[in-house]
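Now for the letters of each chain:
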Amino acid sequence: MNIDNLKSQMRKGMLEFCVLLLLRQGDAYASEIITKMKEAHLIVMEGTLYPLLTRLKNDNLLSYRWEESPSGPPRKYYSITALGTQFLDQLQSSWDEITHTVEHLRSQSTTITPPDINLQ
Amino acid sequence: MKKTYSANIDGQIFNIDEDAFELLGNYLNQLRQTFSGNEGAEIVGDIESRIRELFNERIESGARVIVIADVNNVIETMGHPEDLSDNSDNNEKKEDINSSFISFNLPGKKHIYRNMRNKVFGGVFGGLASYLGWNANIMRLLYFIMACFTYFWPLTILYLIAWMIIPAATTPRQILEMTGEPVNVNTVGHTVLATSPYADKRVASDNNNNFLVTLFTAIGKTILILAGLLVGVISFAFICAFFCILAGMVAYTFFDSVQILSNIDLIPTHPGGWTQIWAILCLVLGFAVLSGLMAFGAFAEVFNLRGSTKAGVITTIIISVMLFAAAAILFIFAA
């Protein structure tokens, strides 16, 4: 069992969820999303974000518009669609289920103290 | 000192070092391979515009030029192509991407270049050795023995032709292609870092037999100096002959004196004699130019002078060929 592999898979599954959550707060362009994720201590390889955004957009969960920026060329602002909000609600309920299950198991495991192992 | 390019990245112009440019180009190419189709083009476009932002931050913090470290930073932040492939969709697609990646990485594209890091004269044997996977010194030794048996000239000419035809490996990409290593972000970055002053390193690094190398270099230089001297003397002789004939022609035209010309067995009063003298003049000048070029080349190589440019060499060769052609035509007229 590769711990790094498992960790990255857990993070990958979460990533869509996080992006949608971020965009529900308001529209943002890619660099903004990255900054916000870093603020939330979610470290992602930036390159993974772009395919994800494109995929979400192609699935009609996100839409985008071009907006002039004070510096440099126009920016691609993403916003969440009605379908995206629906999708997010579903994700949220399943996330709640998962955390509930995990929390439940964790609280059980802490109440049962592991048996003392006598080394001698 | 490095050459810089100006690159248009998502609508903004950046000054970028040659090696950084090469590395970034490779990186973007690999991303294009990883993300294919319409969707891929969009993704790579987005990534490129992010790269522009990151570079812009560097420029705003005072950098004048994008260097290799900046590109490496960008690659570290964006991630290596193989980590980015969107494999959550389906495994089949992932396998597809991976297999295309592997075929892209296969060292099938091995090119022959002159090896500037393993050379005595022009790096022909260094390049051949890395191309064929043999030992350069053994090849040099075999060549030397064969040259001894064939009175030097044929093999020397062969070597010079190879030197002219085979391009030198100067960019990191060429160096990798020479050894047949896959050209990808990792290897190019590695080569760039390992060989920053990558051009014009005399044999030393990847050779285990330093004595042989020094010996060959010494022998090579001696031969070059002798050859250069010989050709230089020949060139000088041709130049003298040229001025002699010219003087004779002036004397005949203006003072009606055939003395100088007849001294060197040229008789302008014979039928066709005058045309023949012109022909010989052209021929002599042609030889003078050609041998002068060779002498110059030999000395430039030995003393590491800035040799003439390729364009200069080609122009000189064309001039001498035209002189030879003119001489041939004049000879035909004279006959």
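Residues numbered from 1 in each chain as written. Chains lettered and ligands numbered in written order. Predicted model: local features only at pLDDT ≥ 70, side-chain atom pairs only at ≥ 80, totals over all residues. Heavy atoms only, no water.

(A) Focus on the overall build of chain A. Across its full length, chain A holds four helices and three strands. In chain A, the succession of α and β elements from N to C terminus is α-β-α-α-β-β-α. Among the 120 residues that make up chain A, the fraction classed as buried is 33%. Residue pairs at least 24 apart in sequence account for 50% of intrachain contacts in chain A once pairs closer than 6 positions are excluded. Approximately 8,100 Å² of chain A is accessible, and the part contributed by carbon and sulfur atoms is 57%. (Helix = DSSP H or I, 4+ residues; strand = E, 2+ residues; numbered from the N terminus. Buried < 20%, exposed > 50% of the residue type's maximum accessible area, 1.4 Å probe, protein only. Contact = heavy atoms within 4.5 Å. Areas by Shrake-Rupley, 256 points an atom, 1.4 Å probe, with all protein chains shown as cover.)

(B) View of the overall build of chain B. Of regular secondary structure, chain B possesses 14 helices and two strands. With 335 residues in all, chain B has 39% of them scored as buried. Contacts in chain B between residues far apart in sequence, at least 24 positions, make up 63% of those at least 6 positions apart. Entry remark: accessible area of chain B is about 18,700 Å², with carbon and sulfur atoms responsible for 66%.

(C) How the structure looks around the environment of Ile329 of chain B. All names here are of chain B. When you line up the elements, Ile329 lands in helix α14 (residues 310-334). Residue classification places Ile329 among the partly exposed residues on the basis of a relative accessible area of 47%. Between the C-alpha atom of Ile329 and that of Ala279, which follows or precedes it by 50 residues, the distance is 7.9 Å.

(D) Spotlight on the side chain of Glu46 of chain A. If you trace the backbone, Glu46 of chain A turns up in helix α3 (residues 46-58). The class of Glu46 of chain A is buried, set by a relative accessible area of 1%. Among the polar contacts listed, one links the side chain of Glu46 of chain A to the side chain of Arg50 of chain B, at a separation of 2.7 Å. Not counting residues within four places of it along the chain, the set of residues in contact with Glu46 of chain A comprises Ile34 and Lys38 of chain A together with Arg50, Thr77 and Met78 of chain B. (Polar contact = N/O pair within 3.5 Å; in protein donor to acceptor, adjacent residues only side chain to side chain.)

(E) Seen up close, the pattern of salt bridges. Using the criterion set out here, one finds 15 salt bridges over all chains in the structure. Its salt-bridge partner being Lys57 of chain A, residue Glu42 of chain B comes within 2.6 Å of it at the nearest N-O pair. With Glu42 of chain B in helix α2 (residues 37-60) and Lys57 of chain A in helix α3, this pair bridges two chains. One exposure class covers both Glu42 of chain B and Lys57 of chain A, and it is buried. As a salt-bridge pair, Lys76 of chain A and Glu42 of chain B come within 3.2 Å of each other at their nearest N and O atoms. A residue pair is termed interchain when its members come from two chains, as with Lys76 of chain A in strand β3 (residues 75-80) and Glu42 of chain B in helix α2. (Salt bridge = Lys/Arg side-chain N within 4 Å of Asp/Glu carboxyl O.)

(F) Helix α1 (residues 18-34) of chain B, seen in detail. Residue and element names in this part refer to chain B. With 17 residues, α1 should cover 24 Å at 1.5 Å per step; its first-to-last C-alpha distance of 24 Å lies within 8% of that length. For α1, the buried fraction is high: twelve of the 17 residues fall into the buried class. Looking only at α1, the buried set comprises Glu18, Asp19, Ala20, Glu22, Leu23, Leu24, Asn26, Tyr27, Leu28, Gln30, Leu31 and Thr34. (Expected span 1.5 Å × (residues − 1).)

(G) Geometry of the packing of aromatic side chains. Tallied over the full model, the rule gives 14 aromatic pairs over all chains. Plain terms: the ring middles of Phe17 of chain A and Trp95 of chain A are 5.6 Å apart, the flat faces sit at 50° to each other, and that makes the pair tilted. Remark: Trp95 of chain A occurs in helix α4 (residues 82-111) and Phe17 of chain A occurs in helix α1 (residues 3-25); sequence separation between them is 78 residues. Here Phe242 of chain B and Phe243 of chain B contribute two aromatic rings whose centre-to-centre distance is 5.3 Å and whose plane-to-plane angle is 75°, an arrangement assigned as edge-to-face. According to the relative accessible area criterion, Phe242 of chain B is buried, its value standing at 14%. Put simply, the rings of Phe125, Tyr143, Tyr159 and Trp163 of chain B pair up and form one aromatic cluster. (Phe/Tyr/Trp six-rings, centres within 6.5 Å; stacked < 30°, edge-to-face > 60°.)

(H) Examining unusual backbone geometry more closely. Of note, Asp10 of chain B is a non-glycine position whose phi angle comes to about 50°, a positive value. Secondary-structure assignment places Asp10 of chain B in the loop between β1 (4-9) and β2 (12-17).

(I) Structural context of the sheet that holds strand β1 (residues 28-29) of chain A. All names here are of chain A. If you walk across this open sheet you meet the three strands as β1-β3-β2, and the pairing is antiparallel. Each of the sheet's edge strands pairs with one partner strand only, and the pair in question is β1 and β2 (62-67). In this structure, β1 lies alongside β3, joined through two bridges in antiparallel fashion. Within the sheet, the bridge partner assigned to Ala28 lies in β3 and is Tyr78. Contacts between α1 and the sheet are confined to β1, β2 and β3, with β3 contributing the most and set at about 95° to the helix. (Pairing = 2+ DSSP bridges. Axes fitted to C-alpha atoms, helices over the stretch in contact; angles between N-to-C directions.)

(J) View of the interface of chain B and chain A. Every contact between the two is made by 21 residues of chain B and, on the other side, 20 residues of chain A. With both chains or domains summed, chain B and chain A bury close to 1,700 Å², and 48% of this area falls on carbon and sulfur atoms. Among the residues of chain B in contact with chain A, Glu42, Asp46 and Arg50 of chain B are the three that bury the most area, contributing 29% of the side total. For the pair chain B and chain A, the interface holds four salt bridges. The partner of Asp46 of chain B in a salt bridge is Lys76 of chain A, and the shortest N-O contact between them spans 2.9 Å. At the surface where chain B touches chain A, the tally comes to nine residue pairs in polar contact (both at pLDDT 80 or more). Broken down by secondary-structure element, the contributors of at least two residues to the side of chain B that touches chain A are α2, α3 (68-78) and α4 (81-84) of chain B. (Buried area = accessible area lost by both parts, 1.4 Å probe.)

(K) Structural view of the confidence of the model for chain B. All names here are of chain B. Taken residue by residue, chain B gives an average pLDDT of 77. The fraction at 70 or more is 80%. Looking over chain B, one finds the lowest element-wise mean pLDDT in helix α5 (residues 91-105), namely 39, and the highest in β2, namely 89. Low confidence marks residues 87-108, where pLDDT is under 50. Its contacts with residues over four positions away, or in another chain, come to 16 contacts. For residues 192-207, every residue scores under 50 in pLDDT, and the model assigns this stretch 38 contacts once sequence neighbours within four places are set aside. Confidence metrics for the complex model read pTM 0.45 and ipTM 0.76. (pLDDT = per-residue confidence, 0-100.)

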